[in-house]
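Below, each chain spelled out in residue letters.
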Amino acid sequence: MPLPGQGLLWFGVVLGSIYASRESATQGNWTTDALNVLLIIVDDLRPSLGCYGDRLAKSPNIDQLASHSLLFYNAFAQQAVCAPSRVSFLTGRRPDTTRLYDFNSYWRVHAGNFSTIPQYFKENGYVTMSVGKVFHPGISSNHSDDSPYSWSVPPYHPSSEKYENTKTCRGPDGELHANLLCPVDVADVPEGTLPDKQSTEQAIQLLTKMKTSAEPFFLAVGYHKPHIPFRYPKRKIRQSYFASVSYMDTQVGRLLSALDDLQLATGTMVVLTSDHGWSLGEHGEWAKYSNFDVSTRVPLMFYVPGRTAPLPEAGQRLFPYVDPFAPASELLEPGQSVLDPVELVALFPTLAGLAGLHVPPLCPVPSFHVELCREGQSLLKYFRSSSVEVEPGLLGGPRESIAYSQYPRPADSPQWNSDKPSLKDIKVMGYSIRTIDYRYTVWVSFDPREFLANFSEVHAGELYFVDSDPWQDHNVYNGSQGGPSPRH
Ligand SMILES: *[C@@H]1O[C@H](CO)[C@@H](O)[C@H](O)[C@H]1NC(C)=O
Ligand SMILES: *[C@@H]1O[C@H](CO)[C@@H](O)[C@H](O)[C@H]1NC(C)=O
């Protein structure tokens, strides 16, 4: 019988003992009153944000959140495409365990009946609610956002989502065109609103309702931005991406200022992240679908009242709305930040621990039969002492942290389905590790029927050093290994 998750085992051997010893030190009792959770998941958001040092992006509301948060500067998704990434971090398991590398299976029947983060909170007395794109829609969440297991109430989807492909953009020819990225006049679009606006309104309504609830709440809000058409010239794609970031930032700003208005900011932790990054022309690539940092790196920040920031005094507002399009105001720096590479699969144990719930145990290998366990490391240790101060740019912190990502390919050379191969077409899996110093990727043979990676058949390798090559343009794998050159 083939060994499941062999790729991970291969990597895990090196660091297993380090992780095991660190993990025992991070467990223990962590007591808080039942904190509410507001989990904001932004679609396709690379850390093009002011608080991550991007001086082009206008994201004052997220920067303001970061100023009260612990920010992870080097956080990475486990696979740079929506459904596999979301199923991975929401179940706390890696793609090799969810066995979802494409969009076409539901883990509960295809891999194992794994618990999810919201399900765990629900089973621990929380009212759990989903607004917008949290789980990826479709088969990968059983066409129901994993209802009824994950959610206390039916998930909400904005009604205007269905007009995503409606012709609303006036072109130079004077005609209306479908699916072009353009500024829209909200009054001109069907229903006079946009999906992310509707999601914000729904989330604020739910917060208002929960204000008087005896039970704590777990509210996940998923923002999604329009897909960018590739026929646009490069300059405009980048411009449109930054405009979308600012638009989404206004939604986050409205949501967080409502949290203030409802006096919920003292009892609610706010976590903001994304499912993966987005390439804006780097390596000649657009969108996601790779193991490079631009595709795998995500924003990740936690505001924990009284822990990452002092509790607001009566009448004090932590999150007053800031207009991203107003004349530039002073850039807010993150409250505290951590440089160690961390993974999105860390969300499950970290959220549980921050809420004072029992942190699920580390998974055995294999773990297909275990409903509740986690493959990620808890990040609680970073919240422990008030003396955690690791400045961005200050390289040379702890060297043992590693983030794993992976990406499947149907062939060694690019072809029509290279970006999104179906499970049956996967022939090569790229396993990638990111340390504080380097990114190392090996592309090995993969058998999609047995879910078996063969590390004795290396198709290509990549090695990039962070210090000298931050954009990962100069592969030095050949020099270091004498192996074949990468063809990706
Ligand atoms: C899967 O887990 C859910 C939630 O705990 C449970 O209700 C269901 O019975 C389980 N299904 C199977 C087949 O074990
Ligand atoms: C998936 O959804 C279908 C249709 O609602 C339902 O019959 C089935 O039980 C669901 N699968 C699981 C594992 O809950």
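Relevant structure appears above.
My aim in this report is to walk through the structure given alongside it, one point at a time.

What follows is about unusual backbone geometry. Keep in mind that most residues, glycine aside, have a negative phi and that most peptide bonds are trans. Going from S147 to P148, the amide bond is cis rather than trans, its omega being 0 degrees. Position of P148 relative to the elements: it lies in the loop between β4 (127-132) and β5 (167-170). A cis geometry characterises the amide bond from V365 onward to P366, with omega recorded as -5 degrees. Here P366 shows up in the loop between α10 (347-354) and α11 (381-384). Phi at D145 is positive, roughly 55 degrees, even though this residue is not glycine. Of note, D145 is situated in the loop between β4 and β5. Positioned with a positive phi, H283 is a non-glycine residue whose angle comes to about 55 degrees. Judged by its relative accessible area of 26%, H283 falls in the partly exposed class.

Residues in contact with ligand 2, as listed here, are Y106, V109, N142 and Y149. N142 has a polar side-chain atom sitting 2.3 Å from an oxygen atom of ligand 2. In the model, an oxygen atom of ligand 2 is placed 2.6 Å from a nitrogen or oxygen of the Y149 side chain. Surface burial for ligand 2 is 37%, taken as the share of its 360 Å² of free accessible area covered by protein chains. Taken together, the residues of the shell around ligand 2 sort by class into three nonpolar, one polar and no charged.

With that out of the way, let us pick up the state of the cysteines. One pass over the full model with this rule turns up one disulfide. There is a disulfide in this structure between C363 and C373, and the S-S distance comes to 2.0 Å. Its torsion about the S-S bond being 95 degrees, the disulfide of C363 and C373 is classed as right-handed. Taken together, the residues C363 in the loop between α10 and α11 and C373 in the loop between α10 and α11 connect sequence positions 10 residues apart. Both residues of the pair, C363 and C373, belong to the buried class.

Turning next to the sheet that holds strand β18 (residues 452-465). With respect to topology, four strands assemble into an open sheet ordered β15-β16-β17-β18, the strand pairing being antiparallel. Looking at which strands have only one partner, the edges of the open sheet turn out to be β15 (403-409) and β18. Sheet twist, expressed as the mean angle between neighbouring strand axes with direction ignored, is 20 degrees.

Turning next to the site of ligand 1. In the vicinity of ligand 1, the residues found are R108, N113, Q119, E123, Y149 and E371. N113 is positioned with one of its side-chain polar atoms (N or O) 2.4 Å from an oxygen atom of ligand 1. The separation between an oxygen atom of ligand 1 and a polar side-chain atom of Q119 is 3.3 Å. In the complex, the protein chains occlude 41% of the 360 Å² of accessible area that ligand 1 would expose alone.

Structurally, the position occupied by S246 is in helix α8 (residues 234-261). Apart from residues lying up to four places away in sequence, S246 is in contact with K58, P324 and F325.

With that settled, consider helix α7 (residues 195-210). The end-to-end C-alpha distance of α7 is 22 Å, a good match for the 22 Å that 16 residues give at a rise of 1.5 Å each. Among the residues of α7, those classed as buried are P195, D196, Q198, S199, T200, Q202, A203, L206, L207 and M210.

Tallying each qualifying case throughout the model produces 18 aromatic pairs. Judged by centre distance (6.0 Å) and plane angle (15 degrees), the rings of Y52 and Y73 are stacked. Here Y52, found in the loop between β1 (36-42) and α2 (60-67), pairs with Y73, found in the loop between β2 (70-72) and β3 (75-76); they are 21 residues apart in sequence, far enough to count as distant. Relative accessible area serves as the criterion here: at 5%, Y52 is assigned to the buried category. Feature note: the residues F72, F302, Y382 and F383 constitute an aromatic cluster, connected by ring pairs. One residue, R297, lies across the ring of Y73, its end atom 4.9 Å from the ring centre.

Across the 10 residues that make up helix α3 (residues 82-91), a large majority, 10, are buried. Buried within α3 are the following residues: C82, A83, P84, S85, R86, V87, S88, F89, L90 and T91. Buried residues belonging to α3 abut β1, α4 (95-98), α5 (107-110), α6 (117-123), β8 (268-274) and α10. Two residues or fewer after α3 comes G92, characterised by a positive phi angle close to 75 degrees.

Structurally, A66 can be placed in helix α2. For A66 and Y303, which are 237 residues apart along the polypeptide, the C-alpha to C-alpha distance reads 7.4 Å.

All right, on to the side chain of S150 then. With respect to the helices and strands, the residue S150 is situated in the loop between β4 and β5. Looking at S150, the relative accessible area reads 0%, which means it is buried. Polar side-chain contacts of S150 include one of 2.7 Å to the side chain of T116. Ignoring sequence-local partners within four residues, the contact set of S150 consists of R108, T116, P118, Q119, K122, T128, F135 and D145.

Scoring rules and cut-offs
- Residues numbered from 1 in each chain as written.
- Chains lettered and ligands numbered in written order.
- Predicted model: local features only at pLDDT ≥ 70, side-chain atom pairs only at ≥ 80, totals over all residues.
- Heavy atoms only, no water.
- Helix = DSSP H or I, 4+ residues; strand = E, 2+ residues; numbered from the N terminus.
- Buried < 20%, exposed > 50% of the residue type's maximum accessible area, 1.4 Å probe, protein only.
- Near = heavy atom within 4 Å.
- Polar contact = N/O pair within 3.5 Å; in protein donor to acceptor, adjacent residues only side chain to side chain.
- Areas by Shrake-Rupley, 256 points an atom, 1.4 Å probe, with all protein chains shown as cover.
- Nonpolar A, V, L, I, M, F, W, Y, C, P; charged D, E, K, R; others polar.
- Disulfide = S-S within 2.5 Å.
- Pairing = 2+ DSSP bridges.
- Axes fitted to C-alpha atoms, helices over the stretch in contact; angles between N-to-C directions.
- Contact = heavy atoms within 4.5 Å.
- Expected span 1.5 Å × (residues − 1).
- Phe/Tyr/Trp six-rings, centres within 6.5 Å; stacked < 30°, edge-to-face > 60°.
- Lys NZ or Arg CZ within 6 Å of the ring centre and 35° of its normal.

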